[in-house]
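Chain residues, written in single-letter form:
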Amino acid sequence: MKIAVTDDGCFLATGSYDTTVMVWEVLRARITEKRVRNTPTELARKDYVIAETPFHILCGHDDIITCLCASVELDLVISGSKDGTCVFHTLREGKYVRSLRHPSGNALSKLVASRHGRVVLYADEDLSLHLYSINGKHLATSESNGRLNCVELSKCGEFLVCAGDQGQIVVRSMNTFDIVKRYNGVGKIITCLAVTVEECFLAGTKDGSLLVYSIENPQLRKTSIPRMKSKSSVSG
């Protein structure tokens, strides 16, 4: 099963082997719990509870769901499938908007969508990245030069951050796919990647290491947080 959560945490989308996408509302519930064991003092806190039933069940694919994105800002749920298609539905009303198909019909492996209305599709079969506008116009294509295990967006939404078997983190423009920066992964296969609020990268490797990268290019830094100059790795 594939899962996507909106940035505000209010909606959850799930995609499954039965080719459907379900959209769930995440509710805030007030729960009372004891502050200290064996004392009558209680503390009220807010917790998050997923609604028992989905409020949308979205169809349109002929094969399993392989990737998923949900955005409140775009009011979209975008699903990718092994059938090579990418289907857009509205988040709040569940209405079908449009479909895109991989240029070669390959199964989609990953997708991301920025709040600026740029959508990226990636397929393992041909190791290609494809950039589209939110209206379905094809804008750019680029080879990934190796299998990608991670395709993420910078927090500002203007850069695509990719990593995988080639052992590098590659940062591309979300407007042109031009490479802005490469970060050496010391030859390790990167299996997972997170971009922090400070626009730094945390990369997990196949051999159990954690790599921490600072952003050296001022163009990438959109905050006033002081720049970190070091890169470190910790074996797990």
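Novice: Got a minute to help me understand the packing of aromatic side chains in this structure?
Specialist: Pairs of aromatic rings are described using the distance from one ring centre to the other and the angle between the two planes. On inspection of all chains with the given rule, the structure shows 3 aromatic pairs. Here the aromatic rings of Tyr183 and Tyr213 are separated by 5.8 Å at their centres, their planes lie at 80°, and the arrangement is edge-to-face. Here Tyr183 is found in strand E17 (residues 179-184), whereas its partner Tyr213 is found in strand E20 (residues 209-213), with 30 residues between them in sequence. Accessibility assignment for this pair places Tyr183 and Tyr213 in one class, buried. An aromatic cluster is built from Tyr183, Phe201 and Tyr213, whose rings are joined through pairwise contacts.

Novice: Quick question: what am I supposed to make of the sheet that holds strand E10 (residues 110-113) here?
Specialist: The pairing of strands in a sheet comes from backbone hydrogen bonds and takes either a parallel or an antiparallel form. Spatially, 4 strands are ordered E10-E11-E12-E13 in an open sheet, and the strand pairing comes out antiparallel. Since the sheet does not close on itself, it has two edges, and those belong to E10 and strand E13 (138-143), each with one partner. When the angles between neighbouring strand axes are averaged without regard to direction, this sheet yields 15°. Sheet analysis places E10 next to strand E11 (residues 118-123), joined by 4 bridges and oriented antiparallel. Bridged to Lys110 within E11 is Tyr122.

Novice: I keep staring at the confidence of the model for the protein and nothing clicks. Help me out?
Specialist: Scored by pLDDT, the protein has a mean of 85; 83% of the residues are at 70 or more. In this model residues 218-236 is a low-confidence stretch, pLDDT under 50, and it forms 41 contacts with partners more than four residues away in sequence or in other chains.

Novice: Whenever I open this one, the sheet that holds strand E16 (residues 168-173) confuses me. Can you help?
Specialist: If you trace the 4 strands from one edge of the open sheet to the other, you get E14-E15-E16-E17, paired in antiparallel fashion. Two strands close off the open sheet at either side, each with one partner strand: strand E14 (148-153) and E17. Ignoring which end each strand starts from, the neighbouring axes of this sheet average 15° apart.

Novice: Please clarify how the environment of Met1 should be interpreted in this entry.
Specialist: Along the chain, Met1 falls in the segment before strand E1 (2-5). The class of Met1 is exposed, set by a relative accessible area of 65%. Residues Met1 and Ile65, 64 residues apart in the sequence, show an inter-C-alpha distance of 7.7 Å. Once residues lying within four places of it in the same chain are set aside, the contact partners of Met1 are Thr14, Gly15 and Tyr17.

Novice: I keep staring at the side chain of His130 and nothing clicks. Help me out?
Specialist: Take His130: it is sitting in strand E12 (residues 128-133). Classification of His130 as buried rests on a relative accessible area of 5%. Side chain to side chain, His130 and Ser128 meet in a polar contact 3.1 Å long. Residues within four places of His130 in sequence aside, it is in contact with His102, Pro103, Val119, Val120, Leu121, His138, Ala140, Thr141 and Phe177.

Novice: Whenever I open this one, the pattern of salt bridges confuses me. Can you help?
Specialist: Between side chains of opposite charge, a pair can form when the charged atoms approach closely. Tallied over the full model, the rule gives 4 salt bridges. Lys95 is the salt-bridge partner of Glu93, the closest N and O atoms lying 3.2 Å from each other. Take Glu93 and Lys95: they sit in the same class, and that class is exposed. The shortest N-O distance in the salt bridge between Arg147 and Asp124 comes to 3.3 Å. Of this pair, Arg147 sits in the loop between E13 and E14 while Asp124 sits in the loop between E11 and E12, placing them 23 residues apart in sequence.

Novice: Please explain the pairing of strand E15 (residues 159-164) as it appears in this structure.
Specialist: Among the 6 residues of E15, 6 are classified as buried, and the element is accordingly described as predominantly covered. Residues Phe159, Val161 and Ala163 point to one face of E15 and Leu160, Cys162 and Gly164 to the other, with burial holding for every one of them. Where E14 lies against E15, 5 bridges are found, and the strand directions are antiparallel. Residue pairing for E15: Glu152 is matched across the bridge by Val161. Hairpin connection from E14 to E15: 5 residues lie between these consecutive antiparallel strands, with Gly157 at a positive phi of about 80°. In this sheet, E16 lies alongside E15 in antiparallel orientation, the contact comprising 5 bridges. Considered in E16, the bridge of Phe159 is made with Ser173.

Conventions and cut-offs
- Residues numbered from 1 in each chain as written.
- Predicted model: local features only at pLDDT ≥ 70, side-chain atom pairs only at ≥ 80, totals over all residues.
- Heavy atoms only, no water.
- Phe/Tyr/Trp six-rings, centres within 6.5 Å; stacked < 30°, edge-to-face > 60°.
- Helix = DSSP H or I, 4+ residues; strand = E, 2+ residues; numbered from the N terminus.
- Buried < 20%, exposed > 50% of the residue type's maximum accessible area, 1.4 Å probe, protein only.
- Pairing = 2+ DSSP bridges.
- Axes fitted to C-alpha atoms, helices over the stretch in contact; angles between N-to-C directions.
- pLDDT = per-residue confidence, 0-100.
- Contact = heavy atoms within 4.5 Å.
- Polar contact = N/O pair within 3.5 Å; in protein donor to acceptor, adjacent residues only side chain to side chain.
- Salt bridge = Lys/Arg side-chain N within 4 Å of Asp/Glu carboxyl O.

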